[in-house]
Amino acid sequence: MDLTERRIDIEPGLRRMILIEIIFPMVLLILGIYHGLMQVLYRAGMIRSSQFLGLSYFQGLTLHGVVNAIVFTTFFAVAFGYAIVRYYLGRPLNMKVAWLAFTLMMVGTLLAAVAILSGKATVLYTFYPPLRAHPAFYIGVVLLVVGSWIAFFNWLPPYFAWKREHSGEKVPLAVVGIFATFIIWLIATTPVAIEVIFLLIPWSMGWVATVNVPLARMLFWFFGHPLVYFWLVPAYVMYYTMLPKLAGGKLFSDFAGRLTFLWLVLYSAPVGIHHQFTEPGISSTWKFVHAFFTMLVAVPSFLTAFTIGASLEHGARERGGRGLLGWWTKLPYIDKDRWLFSYLFAGLVIFIFGGATGVINASYNLDTVVHNTSWLPAHFHQTVAGPVFLSYIGMSLFLVAELTGKQIRFRTLNVWMPYIWTLGIMIFSTGLFIGGAGGEPRRTNMGVSYADPQSHLYHAAALMFFIVFFATLFSKRAKQGDLELIVSETYHDERVPAVQTFTPWLAGAALLLVIAYAPPIAQTIRSNFPGAPPYSQDNPRPISSAPNR
Ligand code: HAS
């Protein structure tokens, strides 16, 4: 793919770091996706047991969620951030700090993985108490998060140095996007760090006997929703800064990109209670406030739909597209030289449905129909496993090829893989949507509860990607590895002062967080709920056991 004007010779240490941060979670992802497949087989009633190959249903579900949604995404965001910061800001990074960050992330991941694999942390990716994990799991999560913070802090000196040298110039859009990603991450991870450090670790260590469950869940969702935008914004960076060029044209509006990133900084967090509409301990006033803010957090995605739609149309017309709808035929859907287009475009198509169902979930009363049903995994497979997953694996492959100087192997397989994935996700999630609307529960081993004879489709597309990825990685070098990103030009390059600085948006975000969370948190602390001891299979005591006299 030769779509760039500027290559940079990247320092060997940073090149190695980015590669490890992509390859390590990619290997773990094989385990994560394997457990996704296992979920399908359990749900379809093809495995009718509570465990398979030594791992229980819920252990597998925990691995699937933690590896795919937390570990893979965090490592990728950090690696992508290094590439963006190094490429656009043009300064080497402090490698000692980078290795420290990486070591913490790696040790944290291994601690959590050992705890899960040994059956001591079967708590799902939401780790709600009173499910209790071994302290190693919580400590591992803390190390992973702290490592990623340190990686972000390492980008601040080159950022401020760039600003000093380019006073009056616009910060490159991709840098605004990646900084927005990590500001959202800082906002998100602070409450979950409080939950883990002050509530869960002392309880898991046995220092305190009980835990305040409603408070822990509220702190978790204070993290849980901005988390989804931490996943989404790197994909948006690719949509705004690379997809228009891949489509053959320019980004329709630079302002729309900046507004989207900053709007997500503002609204991604004061919405977490929309995951708790059915939680009895929270008053309906705060549920309504969060529902209202959730509608506002969907606005930048609508803005993105129109801006990227217009950019695609511009690209298609530049390639000779004509007519009201005829231009759609001119996009490079299966162009092997622009293969990244297929990853990004397929993700966008899936996201139309993932986004629409998100708005359904956010509509307070409609959510009572779908909450905790299989509708939810359908929604989030059309968001995380759609635009986020496809853009992340596409960019991982792109960076590996660029940094190692290798050529993509199995080019036909590669360009078709995202469409096959899309077909699989759409069929699979349609089944889950229909089941969910009919009341089928989520997170349930249907194979042992009541067997569902219908089987959903197997993700063969994932296998195709791994073939392309590892064949490329282990192939012969074709050129000297360097760093080269696809950079779209801008069609409308507006200069709107309000989107040239983070400061007012950060102040607004802080204010909204206080409005949205101070009263419900105070309410939850004051309500004096009885604390919960850890869940155990004997608590509540099974009916069959002898009564305790
Ligand atoms: Fe969500 C639950 C509401 C977006 C992920 N969400 C979840 C969970 C996850 C998740 C993981 O209000 C489950 C958590 C759990 O384990 O319990 N979500 C929303 C809303 C949005 C939304 C309003 N979610 C996401 C994204 C995620 C994600 C993004 C991951 C990356 N979600 C909820 C709610 C719940 C929830 C409730 C809790 C429900 C419950 O009961 O527990 C919005 O941000 C969505 C806005 C998106 C759009 C779509 C724009 C479309 C675009 C594509 C354009 C296409 C083009 C191509 C140009 C408005 C940008 C054209 C091509 C053609 C062929 C035409």
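Refer to the structure presented above.
By convention here, each chain's residues receive numbers from 1 onward along its written sequence. Confidence filtering applies because this is a predicted model: local features only for residues at pLDDT of at least 70, side-chain atom pairs given and counted only at 80 or more, and all residues used for totals across whole chains, interfaces and linings. Side-chain calculation: all heavy atoms of the structure are included, whereas hydrogens and water are not.

Regarding the overall build of the protein chain
If you tally the helices and strands in the protein chain, you get 17 helices and four strands. Compactness check: the protein chain gives a C-alpha radius of gyration of 23 Å against a globular reference of 24 Å for 549 residues, within 12% of the reference. In terms of overall dimensions, the protein chain has a C-alpha envelope of 80 × 50 × 50 Å along the principal axes. Within the protein chain, the fraction of its 549 residues that count as buried is 59%. The contact definition used throughout considers only heavy atoms, calling two residues in contact when any of these lie within 4.5 Å. Long-range pairs, those at least 24 residues apart, make up 85% of the contacts in the protein chain with a sequence separation of at least 6. Accessible surface computed for the protein chain: about 22,100 Å², of which carbon and sulfur atoms make up 67%. Put simply, DSSP marks the helices as runs of H or I at least four residues long and the strands as runs of E at least two long, and each gets a number from the N terminus on. Radius of gyration means the value over C-alpha atoms here, while the globule rule gives 2.2 Å times the residue count to the 0.38 power. Relative accessibility decides the category of a residue: with a 1.4 Å probe and only protein chains considered, values under 20% of the type maximum give buried, values over 50% give exposed, and everything between is partly exposed. The method behind every accessible area is Shrake-Rupley, applied with a 1.4 Å probe, and residues are considered shielded solely by the protein chains displayed.

Quick word on a nonpolar patch on the surface
Here the term patch refers to residues with relative accessible area over 30% and no salt bridge, with like charges joined within 9 Å and nonpolar side chains (Val, Leu, Ile, Met, Phe, Trp, Tyr) within 5 Å. Should a side-chain nitrogen of Lys or Arg be within 4 Å of a carboxyl oxygen of Asp or Glu, the pair is scored as a salt bridge. Taken together, the side chains of Ile139, Met205, Trp207 and Val208 define a hydrophobic patch exposed on the protein surface, amounting to about 390 Å² of accessible area. Tracing the chain through its elements places isoleucine 139 in helix 4 (residues 135-153). The partly exposed category is assigned to isoleucine 139, whose relative accessible area is 31%.

So, the site of the ligand
Taken together, 33 residues form the shell around the ligand, and within it Tyr229, Asp367, His371, His379 and Arg442 come nearest. Note that a nitrogen atom of the ligand is positioned 3.0 Å from one of the side-chain N or O atoms of histidine 379. Measuring from an oxygen atom of the ligand, one finds a side-chain N or O atom of arginine 442 at 2.8 Å. Elements represented by at least two residues in the shell around the ligand include exactly helix 7 (213-241), helix 10 (284-318), helix 11 (340-362), helix 13 (375-381) and helix 14 (384-404). Here the element with the most residues in the shell around the ligand is helix 11; it accounts for nine residues. Near, as used in this document, describes a residue that has one of its heavy atoms within 4 Å of the molecule or strand being considered. Pairs of N or O atoms are called polar contacts if they sit within 3.5 Å, as long as, within protein, a hydrogen donor faces a hydrogen acceptor (for residues adjacent in sequence, only side-chain-to-side-chain pairs).

Describing empty space enclosed by the protein
With a 1 Å grid spanning the protein atoms alone, the term cavity applies to any set of points in which a 1.4 Å probe fits but cannot get out, the term pocket to an open set with protein on both sides within 12 Å along at least five of seven lines, and the term lining residue to any residue with an atom within 4 Å of a point. Grid points are joined across faces, edges and corners, and a volume is the space filled by probe spheres set on the points. In total, this model carries five cavities of 30 Å³ or more according to the counting rule given. Roughly 130 Å³ of volume is contained in the largest cavity. Lining of the largest cavity is provided by 16 residues; of these, Val66, Ile70, Phe127, Val141 and Leu144 occupy positions nearest its centre. Counting only elements with at least two residues in the lining of the largest cavity, the list comes to helix 2 (57-89), helix 3 (95-117), helix 4 and helix 6 (173-205). Gly counts as polar in this scheme, as do all residues outside two lists: the nonpolar Ala, Val, Leu, Ile, Met, Phe, Trp, Tyr, Cys and Pro, and the charged Asp, Glu, Lys and Arg. Taken together, the residues of the lining of the largest cavity break down into 13 nonpolar, three polar and no charged.

Some thoughts on the pattern of salt bridges
Here the idea is simple: oppositely charged side chains can pair when their charged atoms come close. Evaluation of the coordinates by the stated rule reveals 14 salt bridges. Here aspartate 337 makes a salt bridge to arginine 411, at a shortest N to O gap of 3.1 Å. Residue aspartate 337 is found in the loop between helix 10 and helix 11, and its partner arginine 411 is found in helix 15 (residues 411-437); the two are separated by 74 residues along the sequence. Among the residues examined, aspartate 337 registers a relative accessible area of 45% and is labelled partly exposed. Taking the relative accessible area as the measure of exposure, arginine 411 reaches 36% and is therefore partly exposed. Taken together, the shared-partner salt bridges in this structure form one network comprising Arg7, Glu402, Lys479, Asp482 and Glu484.

Quick look at the packing of helix 9 (residues 254-267) against helix 10
Simply put, an axis is a line fit to the C-alpha atoms, just over the touching stretch for a helix, and the angle between two N-to-C directions goes from 0 to 180 degrees. Viewed as axis vectors pointing N to C, helix 9 and helix 10 meet at an angle of 165°, and their least axial separation amounts to 10 Å. Relative to helix 10, the element helix 9 is oriented roughly antiparallel. As for the relative orientation of helix 9 and helix 10, their crossing is left-handed in sense. On the side of helix 9, the interface is formed by Ala256, Leu259, Thr260, Trp263, Leu264 and Tyr267, while helix 10 contributes Phe293, Leu296, Val297, Val299, Pro300, Leu303, Thr304 and Thr307. Classifying every residue of the contact of helix 9 with helix 10 gives eleven nonpolar, three polar and no charged. The labels follow the angle: roughly parallel below 35 degrees, roughly antiparallel above 145, roughly perpendicular from 65 to 115, and oblique for the rest. By convention, the crossing between two helices is left-handed when the near helix turns anticlockwise from the far helix through less than a right angle, and right-handed when the turn is clockwise.

Side note on the packing of aromatic side chains
Two aromatic rings from Phe, Tyr or Trp, using only the six-membered ring of Trp, form a pair when their centres are within 6.5 Å; if the ring planes differ by under 30 degrees the pair is stacked, by over 60 it is edge-to-face, and anything between is tilted. Per the counting criterion, the structure on display carries 48 aromatic pairs. Aromatic pair tryptophan 155 and phenylalanine 182: ring centres 4.9 Å apart, planes at 80°, arrangement edge-to-face. With tryptophan 155 in the loop between helix 4 and helix 5 (156-165) and phenylalanine 182 in helix 6, the pair connects residues that are 27 residues apart, well separated along the chain. A cation over an aromatic ring shows up here: arginine 409 above the ring of phenylalanine 410, its NZ or CZ 5.5 Å from the ring centre. Whether a charge sits over a ring depends on NZ of Lys or CZ of Arg being within 6 Å of the ring centre and within 35 degrees of the ring normal.

Quick look at the packing of helix 2 against helix 3
Packing of helix 2 against helix 3 brings their axes to within 11 Å, and their N-to-C directions diverge by 175°. Comparing their axes, helix 3 and helix 2 come out roughly antiparallel. Residue-level inspection shows Gln59, Thr62, Leu63, Val66, Val71, Thr74, Phe75, Val78 and Tyr82 of helix 2 in contact with helix 3, the latter providing Ala98, Phe102, Met105, Met106, Thr109, Ile116 and Leu117. Class assignment for the residues of the contact of helix 2 with helix 3 results in twelve nonpolar, four polar and no charged.

Points about helix 5
Buried residues of helix 5: Pro158, Tyr159, Ala161 and Trp162, and no others. Across the axial projection of helix 5, the buried residues extend over an arc of 165°, all falling on one side. Seen from the open side of helix 5, the exposed residues pointing more than 90 degrees away from its buried face are Pro157 and Arg164. In this structure, the buried side of helix 5 is in contact with helix 2 and helix 6. This arc is built from the directions going out from the helix axis to the C-beta atoms.

Geometric descriptors of this kind do not, in isolation, establish any biological role.
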